[in-house]
Amino acid sequence: MPSGVDTSRYLGLYVSEAQEHLEQLSQNLVKLEQAGSTGPVIDEAFRHAHSVKGMAASMGFEATARLAHRMEDILDAYRSLKERVDRATGDLLLSATDALLGHVRATADAKVLPDTSALMGALERKLWVLKPDTTPRPSSPPPPPALARSLGLPPRFALRLKVAAGSATPGVRAFLAHKRLSGLGNVFDLRPGLDDLKAGRLNDGSFSLELETALHETEVRAALNTIADVELASLRLIEPDAPSVPKTNEPEGPRAVGTEPARTVRVRTELLDQLLDGAGELLLATARVREVAKSAPAASRGAMEGEVDRLNALVKDLHAKVMKARMTPISVMTDRLPRAARDIARRRDRDVELTITGAEVELDRAIVDELNDPLLHLLRNAIDHGIEPPVEREKTGKPPRGRVQVNVRRDRDRVVLEVEDDGKGMDDAKLRAAAVSRGLMTPEAAAALPMREALMLCCLPGVSTATDVTDISGRGVGMDAVKRAIESVGGTLEIESQKGKGTRFRLLLPLTVAVVQLLLVDVGDETFGVPVAKVNGVVEFPEEQLARSQASPLLPFGNTLLPVYSLAEVLAVPNGHVHAGARPFVVVEAESGKVALGVDRLRGQEEVVLKALTRPLDLVAGLAGVTILGNGQPIFILDVPRLLT
Amino acid sequence: MAKRVLVVDDAIFMRDIIKDIFASGGFEVVGEASNGVEAVERFKELKPDLTTMDLVMPFKNGIEATREILRVDPKAVVVMCSALGQEALVMEAIEAGAMDFIVKPPRAEDVLAVVKKVLGEA
């Protein structure tokens with residue numbers, strides 16, 4: 001960009017576009033690693049790196065441009081050499097992509113760009129290996145181990161090798177070993193140097209080097225074992241291979257809507273939210289006009305009601321279109337999964353094939369945003385705790401490669417998202433025991449739980465079947481957070497599992513979060529909305545006939561007894577009503593199971609536009625949002641699962 | 001099943017020695033070639049598990065032949081045969097993708113040790 005032009009006005013565009021290029025680059029790289037450097041994919045990867053370089057240079061972000069330039073060079077080298085991208089290089093390029101994303105995000109937040117000089121050095125060394133003739137020999141030393149780890153570089157081994165004393169050609173033997181190791185990754189710090197090595201000038205027949213490779217130690221040993229007269233004197237991991245949490249922090253900010261680049265326009269997501277708010281207000285205003293029209297003089301009432309109907313139809317149509325504009329294909333989430341699966345599988349030494357179907361199904365953007373982390377967590381769980389190591393799988397007659405499937409489909413007005421693995425399944429006995437040992441239920445209650453509910457115990461905080469807490473899935477968001485996120489968008493979670501066969505997590509999701517059907521209940525002088533989706537049933541029952549043998553009174557419902565809570569007490573609403581005779585109870589699905597909520601009066605049902613609560617009201621437990629009814633009355637919508645916690 | 005070997009050398013004398021060594025080690029010599037051109041042809045046709053390759057041969061030398069064979073099958077296992085003093089050429093062949101080398105005059109135990117290692121049998 002010519003000097004003097006203010007680049008800041010292009011910053012937003014730069015950030016969003018560069019992020020998209022980098023995300024696609026990352027997807028390309030994973031594909032390259034799987035399929036070898038096939039034409040179209042490497043061309044595409046090259047173009048993404050190239051675009052980022054150009055954009056960063058135009059904006060004056062030198063460091064970002066240089067990093068992208070190196071990547072472009074390496075991809076170009078692979079393209080012209082028609083060589084396969086090996087795992088070590090795949091790791092390096094993915095690290096570089098992540099680093100570039102880090103740059104772009106830092107730029108967006110007006111922060112100092114993270115130092116990527118070590119990574120830059122690694123890229124330059126790789127380039128030198130690929131094209132020694134045209135590349136200046138890199139001078140920067142390899143990154144220190146801690147930094148290498150933070151960059152996600154592969155582990156490094158220190159090897160010492162010895163050529164058999166009787167060998168007639170020690171130099172060639174040593175060279176052969178060096179060549180074999182170079183094929184496994186990047187070789188550093190060769191001692192003596194290559195010329196001395198080739199000439200056989202070895203100290204007591206020994207030489208040493210460091211090997212940066214993504215391969216397992218046993219694979220390195222196996223490769224050396226095919227060379228006669230060269231003995232591996234020692235091999236040690238320089239870098240303790242502490243599995244680090246895969247990078248899951250997703251880029252913030254705007255995202256393209258839709259998948260057809262030619263026919264879309266970028267819209268800030270906040271604008272979409274505002275449009276939806278506006279359309280929602282219009283719906284409510286129309287409902288209020290309808291109420292007013294009812295009390296209009298009889299002469300004009302007919303005409304008014306006709307006009308209100310027309311207005312209502314228009315507004316509904318507008319609302320539907322805004323909702324549609326917010327629909328985002330699920331691929332926005334699932335496109336990231338292959339990379340994540342690869343990283344997790346590598347760190348845990350699993351062999352996993354991930355298949356994704358139905359990624360074109362669309363969901364409201366708000367739901368997609370909310371489910372990003374939970375979906376990743378389910379994937380991690382599947383690989384980490386579900387899929388067994390290849391050796392173990394073969395022992396039980398399974399193919400060594402595990403399968404994880406993410407299947408999405410539309411089912412009437414819902415979207416069903418399943419994460420399924422063919423791993424070892426969940427152990428319900430352990431879950432029951434864990435729930436008991438944490439004092440969450442009695443042994444009898446735990447034993448009596450049906451299988452489906454026992455499996456759901458894994459969603460209680462602190463209960464997990466994983467005996468080994470790994471860095472990957474044992475910490476951070478747990479299943480309780482996953483379940484909470486799913487429920488926060490109005491969805492539900494179901495778990496099926498068969499020991500030895502596998503586990504299936506099924507997410508039932510609404511298409512949109514914004515419109516909810518409410519059951520309106522009165523408590524004292526207040527009205528509250530209970531999402532109909534959470535209501536199991538409504539019964540009227542004389543309060544004085546409730547079973548009172550336990551701490552809380554019990555209501556007979558079907559063939560069970562449900563604990564009864566007075567909604568007035570739970571919400572601390574002053575309650576002036578005395579209940580003689582039958583009282584209505586709303587049976588809902590709370591966190592702990594079904595409960596009956598005692599209310600004063602049922603007012604009926606209404607479809608409303610849910611509005612999120614703002615500070616400080618969002619801190620109040622048990623409230624999901626607020627809405628304005630057709631008659632203009634504002635009411636709170638109850639967060640049923642957490643109402644009683 | 002015995003591993004199938006293709007022996008490439010321009011001297012009949014040398015091929016016979018190498019063939020006998022392989023026979024004694026339980027290998028099956030499925031073919032021979034006396035120059036680089038022939039070597040590539042025989043390789044395509046026989047698809048042996050192992051090819052021993054002389055370095056210096058008429059028409060096409062062993063390094064060129066090795067390169068071509070690896071283009072046909074990148075997983076091909078080629079072991080060079082060289083006299084002492086040819087180290088530089090052997091290293092060139094290794095750069096070209098040869099998996100290992102044996103030194104002429106070949107001694108049975110050395111040759112068998114190298115090829116068994118290369119084929120992952122030792």
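All residue numbers here refer to positions counted from 1 along the written sequence of the relevant chain. Each chain is given a letter, starting from A, and each ligand a number, starting from 1, according to the order in which they appear as written. At least 70 in pLDDT is required for a residue's local features to be given in this predicted model, at least 80 for side-chain atom pairs to be given and counted, and no such filter applies to totals for whole chains, interfaces and linings, which use all residues. Each side-chain value is derived from all of the structure's non-hydrogen atoms; neither hydrogens nor water enter the calculation.

### As for the overall build of chain A
Helix numbers and strand numbers start at the N terminus; a helix is a DSSP run of H or I with at least 4 residues, a strand a run of E with at least 2. What chain A contains, in helices and strands, is 20 helices and 21 strands. Note on exposure labels: buried denotes an accessible area under 20% of the residue type's maximum, exposed denotes more than 50%, and partly exposed covers the range between, all computed with a 1.4 Å probe on protein chains only. Taken across its 645 residues, chain A has 47% of its residues classed as buried. By sequence separation, contacts in chain A at least 24 residues apart represent 70% of the contacts at least 6 residues apart. As displayed, chain A has an accessible area near 31000 Å², and 53% of this comes from carbon and sulfur atoms. Contact criterion: two residues are considered in contact whenever any of their non-hydrogen atoms come within 4.5 Å of each other. Shrake-Rupley sampling with a 1.4 Å probe provides the accessible areas, and residues are treated as covered by the protein chains on show and by no other component.

### Description of the overall build of chain B
Check the secondary structure of chain B and you find five helices and five strands. In chain B, the succession of α and β elements from N to C terminus is β-α-β-α-β-α-β-α-β-α. For chain B, the exposed area adds up to about 5500 Å²; of that, 54% sits on carbon and sulfur atoms.

### Comments concerning the interface of chain B and chain A
With 16 residues of chain B at the contact, the number on the chain A side is 13 residues. Buried area is understood as the total, over both parts, of accessible area removed when two parts are fitted together, assessed with a 1.4 Å probe. Taken together, the two surfaces of chain B and chain A that pack against each other cover about 1400 Å², and 65% of this comes from carbon and sulfur. Each salt bridge in this description consists of a side-chain nitrogen of Lys or Arg and a carboxyl oxygen of Asp or Glu lying within 4 Å of one another. Between chain B and chain A we count two salt bridges in total. Here a polar contact is taken to be a pair of N or O atoms separated by no more than 3.5 Å, where protein atoms must pair a possible hydrogen donor with a possible acceptor and residues adjacent in sequence count only if both atoms sit in side chains. Here chain B and chain A share six residue pairs in polar contact (both at pLDDT 80 or more) between them. When contributions to the side of chain B that touches chain A are tallied by element, the ones reaching two or more residues are α4 (87-96), β5 (100-104) and α5 (108-118) of chain B. Per-element accounting of the side of chain B that touches chain A gives the leading share, five residues, to α4(B). Only Asp, Glu, Lys and Arg are considered charged in this grouping, and only Ala, Val, Leu, Ile, Met, Phe, Trp, Tyr, Cys and Pro are considered nonpolar; every other residue, Gly among them, is considered polar. By residue class, the composition of the side of chain B that touches chain A is 12 nonpolar, no polar and four charged.

### Here's the deal with the sheet that holds strand β6 (residues 352-357) of chain A
Residues and elements named next belong to chain A. What makes two strands pair is DSSP finding at least two bridges between them. Taking strand neighbours across the sheet as the criterion, the five strands line up as β6-β8-β9-β11-β10 in an open arrangement whose pairing is mixed. At either end of the open sheet lies a strand with only one pairing partner, and these are β6 and β10 (492-498). Put simply, the sheet's adjacent strands are angled 10 degrees from each other on average, direction ignored. Relative to strand β9 (residues 414-421), strand β8 (residues 402-411) runs antiparallel, the two sharing eight bridges. Within β9, the residue paired with Asp411 across the bridge is Arg414. To get an axis, fit a line to the C-alpha atoms, keeping to the stretch in contact for a helix; angles then go from 0 to 180 degrees between the N-to-C directions.

### Details of empty space enclosed by the protein
Whether a set of points on the 1 Å grid over the protein atoms alone is a cavity depends on a 1.4 Å probe fitting there but being unable to get out, while an open set qualifies as a pocket with protein on both sides within 12 Å along at least five of seven lines; lining residues are those with an atom within 4 Å of a point. Grid points are joined across faces, edges and corners, and a volume is the space filled by probe spheres set on the points. With the rule as written, the count across this model stands at two cavities of 30 Å³ or more. Roughly 30 Å³ of internal volume is contained in the second largest cavity. If you go around the second largest cavity, the residues you meet are A:Thr169, A:Val172, B:Ser82, B:Ala83, B:Leu84, B:Gly85, B:Gln86, B:Glu87, B:Val90, B:Phe101 and B:Val103. Looking at the lining of the second largest cavity residue by residue, the class counts come to six nonpolar, four polar and one charged.

### Things to note about the pattern of salt bridges
One pass over the full model with this rule turns up 49 salt bridges over all chains. For B:Asp16, the salt bridge is made with B:Lys19, and the minimal N-O distance between the two is 3.5 Å. With a gap of three residues between them, B:Asp16 and B:Lys19 both fall in helix α1 (residues 12-24), about one helical turn apart. The partly exposed category is assigned to B:Lys19, whose relative accessible area is 23%. Within this structure, A:Arg409, A:Glu418, A:Glu420, A:Glu494, A:Glu496, A:Arg504 and A:Arg506 form a network of salt bridges that share partners.

### Points about the packing of helix α1 (residues 11-35) of chain A against helix α13 (residues 337-347) of chain A
All names here are of chain A. It is the contact of α1 with α13, at a shortest axis distance of 9 Å, that shows an interaxial angle of 55 degrees. Of the possible angle classes, the one that applies to α1 and α13 is oblique. Both α1 and α13 take part in a crossing whose hand is left-handed. Note on element contacts: α13 touches α1 through Pro338, Arg339, Arg342 and Arg346, opposite Ser26, Val30 and Glu33. Here the contact of α1 with α13 is composed, by residue class, of two nonpolar, one polar and four charged. Comment on the angle field: the value is read as roughly parallel under 35 degrees, roughly antiparallel over 145, roughly perpendicular from 65 to 115, and oblique elsewhere. By definition, any crossing whose near helix is turned counterclockwise from its far helix by less than a right angle is left-handed, and any crossing with a clockwise turn is right-handed.

### Observations regarding the sheet that holds strand β4 (residues 230-237) of chain A
Residues and elements named next belong to chain A. Strand order in this open sheet of four strands is β2-β3-β1-β4, and the pairing throughout is antiparallel. A strand with exactly one partner marks an edge of an open sheet, and here the two such strands are β2 (186-191) and β4. The average angle at which neighbouring strand axes cross in this sheet is 25 degrees, direction not considered. Direction of pairing for β2 relative to strand β3 (residues 206-212): antiparallel, over a ladder of four bridges.

### What to know about the pairing of strand β1 (residues 156-163) of chain A
Residues and elements named next belong to chain A. Buried residues dominate β1, accounting for six of its eight residues. Relative to β3, β1 runs antiparallel, the two sharing seven bridges. For Ala158, the partnering residue across the bridge sits in β3 and is Glu210. Here β1 pairs with β4 via seven bridges, running antiparallel. Across the sheet, Ala158 pairs through a bridge with Arg236, a residue of β4.

### Examining unusual backbone geometry
Residues and elements named next belong to chain A. A cis amide bond, omega -10 degrees, links Arg191 with the succeeding residue Pro192. Here Pro192 shows up in the loop between β2 and α8 (194-198). Notably, Asp349 is not glycine yet its phi reads approximately 55 degrees, a positive angle. Along the chain, the position of Asp349 falls in the loop between α13 and β6. You can call Asp349 partly exposed: its relative accessible area is 46%. Of note, Ala572 is a non-glycine position whose phi angle comes to about 55 degrees, a positive value. Residue placement: Ala572 occurs in the loop between α20 (567-570) and β17 (582-590). Residue Ala572 is classed as exposed on the basis of its relative accessible area, which comes to 65%.

### Quick word on the side chain of B:Ser82
Tracing the backbone shows B:Ser82 in strand β4 (residues 78-83). In this structure B:Ser82 touches B:Leu55, B:Val90, B:Ile102, B:Val103 and B:Lys104, once residues within four positions along its chain are discounted.

### A closer look at the environment of A:Val640
Residue and element names in this part refer to chain A. Take Val640: it is sitting in the segment after β21 (634-638). Each C-alpha atom of the pair Val640 and Lys534 lies 7.0 Å from the other, and the pair is 106 residues apart in sequence. In this view, Val640 contacts Val530, Pro531, Lys534, Val588, Glu589 and Ala590; residues no more than four positions away in its chain are not counted.

### Digging into helix α14 (residues 365-386) of chain A
All names here are of chain A. Any helix carries an expected span of 1.5 Å times its number of residues minus one. Here α14 is 22 residues long and its end C-alpha atoms lie 30 Å apart, about the 32 Å a rise of 1.5 Å per residue gives. Bend angle per residue: angle between axes fitted to the 7 residues ending at that residue and the 7 residues starting there. Along α14, the helix axis deviates most sharply at Leu371, where the bend reaches about 40 degrees; the proline Pro374 sits within four residues downstream. With respect to burial, α14 is a largely interior element, 18 of its 22 residues being buried.

### Brief notes about the pairing of strand β16 (residues 560-566) of chain A
All names here are of chain A. The sheet contact formed by strand β15 (residues 554-557) and β16 spans four bridges and is antiparallel. When the bridges of β16 are listed, Leu555 appears paired with Leu562. Between β15 and β16, which pair antiparallel and follow one another directly, the connecting turn spans two residues, one of which, Gly558, has a positive phi of 60 degrees. Bridge count for β16 against strand β18 (residues 593-598) is three bridges, and the pairing is parallel. For Tyr565, the partnering residue across the bridge sits in β18 and is Leu597.

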